[in-house]
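# Structure at a glance
Chain by chain, the residues run as shown.
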Amino acid sequence: MAYLVPADQRRTVDELTDKLDLSVGSVTAKRSAFWIMLVLSAVIAISGVIGDSTATVIGAMIVAPLSVPILGIALGVVTGRGPLVARSLLLVGCGIVVVVALGFLFAQLLPNPVNVLSNAQVLGRTSPKLMDLTAALATGLVAAVAITRRDVGDVLPGVAIAISLVPPLGVVGVCLGSQAPALALGAFVLFASNVVAMILTATIVLVVAGYAEAPAGRRTKAYLVLGAALILVAVPMVLNSLSTLWAGQIADATRDWLRDAPGAQVVDVTLQGDTATISVLGPEQLPPVEELQRAVDDLVPWNPDVVIVHTVGARLQRDR
């Protein structure tokens, strides 16, 4: 514990409360700063998502203040302050509504909002995988250590970039405004996993560092809730990871299926529900689909139906 949070660098409970509770100290200044920065970060993030600009989205991550009430939830759990937990949850909930609403409104201003759904900023946040949760847990640990130690506070901008809170919410709003609720749900799972990971790791660090004031029984109930929330967000992420793995295996099986079709190529493979959609570029005559269906049945436990999207043609390379 002394190595994790040295005594001479350890912030007091009052210092943490002043940083994480917007209802103590300069309340008006804290709340105005929170909402101004949240709205501006949302506008920046949504603009970056729509414009497919990674640099712009990173800028939004740095100025987003949502990590403050999220860490406040952890502090409230550890110290047994129910009102702090409630206020922090309310702030996070209201922040979610504001960012999603802005994303929805921005989508209405686009001439063709459906085009946004295919850019990298959206696709990268609508199918979170297990490694995203692993990264969130590690980043939450860094955030918790940084908030409890006076000498490592300068890493918080990096934490803001890694944890990615506002951009996924912006994607949720844009996807809802573009009539793509399934993609919106995927982006919200990414956001929720980041929130749960940050609260869980911050709670653990605060307890280990000696900030625990709440009775053990009350903390146990909170830990059970956090554990259940972690499992809830982990399930779809595990399924997405497995779907990506199976899609790669299906692509390999399709290439083997096409070995006797000259010039044929696998363009894309998507596995959604009970359907495996395979885009193929190749000659007019392809091998019997039944052969590929049997290969896919051997790979994927629930035997999805194979749908071939066949484009007749071939890729030509120009000699230089």
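Whatever comes next refers back to the structure up there.
The structure contained in this document is the topic of the report that follows. (Residues numbered from 1 in each chain as written. Predicted model: local features only at pLDDT ≥ 70, side-chain atom pairs only at ≥ 80, totals over all residues. Heavy atoms only, no water.)

Along an α-helix, residues three or four apart share an orientation, since each turn contains 3.6 residues. The end-to-end C-alpha separation of helix α2 (residues 27-50) is 34 Å, in line with the 34 Å expected for 24 residues at 1.5 Å each. Where α2 is concerned, the buried positions are Lys30, Phe34, Leu38, Ser41, Ala42, Ala45, Ile46, Gly48 and Val49. The secondary structure elements touched by the buried residues of α2 are α1 (13-20), α3 (54-63), α4 (67-79), α5 (82-108), α6 (120-123) and α9 (166-177). (Helix = DSSP H or I, 4+ residues; strand = E, 2+ residues; numbered from the N terminus. Expected span 1.5 Å × (residues − 1). Buried < 20%, exposed > 50% of the residue type's maximum accessible area, 1.4 Å probe, protein only. Contact = heavy atoms within 4.5 Å.)

The nonpolar side chains of soluble globular proteins are, as a tendency, buried together. Membership of the largest hydrophobic core comes to 70 residues, with the highest contact counts inside it found for Leu66 and Val166. In terms of residue count, the dominant contributor to this core is helix α10 (residues 181-208) (13 residues). Once you skip the residues sitting within four places of it in the chain, Leu66 turns out to touch Phe34, Leu38, Val92, Leu165, Val166, Leu169 and Phe191. (Core = buried A, V, L, I, M, F, W, Y, C linked by side-chain atoms within 4.5 Å.)

A positive phi angle is found at Asp52, which is not glycine, with a value near 55°. Residue position: Asp52 is located in the loop between α2 and α3. Of the residues examined, Asp52 reaches a relative accessible area of 36% and is grouped as partly exposed. At Gln179, a residue that is not glycine, the phi angle is positive and equals roughly 60°.

Where α10 contacts helix α11 (residues 216-257), the axes come no closer than 9 Å and their chain directions differ by 145°. The two elements α10 and α11 cross, and the hand of that crossing is left-handed. Taking contact as the criterion, the partners of Val189, Ala192, Ser193, Val196, Ile199, Leu200, Thr203 and Val207 in α10 are, on α11, Arg219, Tyr223, Leu226, Ala229, Leu230, Val233, Pro236 and Met237. (Axes fitted to C-alpha atoms, helices over the stretch in contact; angles between N-to-C directions. Left-handed = near helix turned anticlockwise from the far one by under 90°.)

Let us look at the sheet that holds strand β2 (residues 275-282). Pairing is mixed across the open sheet formed by three strands, whose spatial order is β1-β2-β3. Of all the strands in the sheet, the pair left with one neighbour each is β1 (265-272) and β3 (305-312). Ignoring strand direction, the axes of neighbouring strands in this sheet form an average angle of 15°. The sheet contact formed by β2 and β3 spans eight bridges and is parallel. From the neighbouring strand, Ser279 faces β3, where its bridge partner is Val309. Against the sheet, α11 engages β1, β2 and β3, with an angle of about 145° to β1. Against the sheet, helix α12 (residues 289-299) engages β2 and β3, with an angle of about 135° to β3. (Pairing = 2+ DSSP bridges.)

Fair warning: the whole summary comes from geometry, so function is off the table for now.
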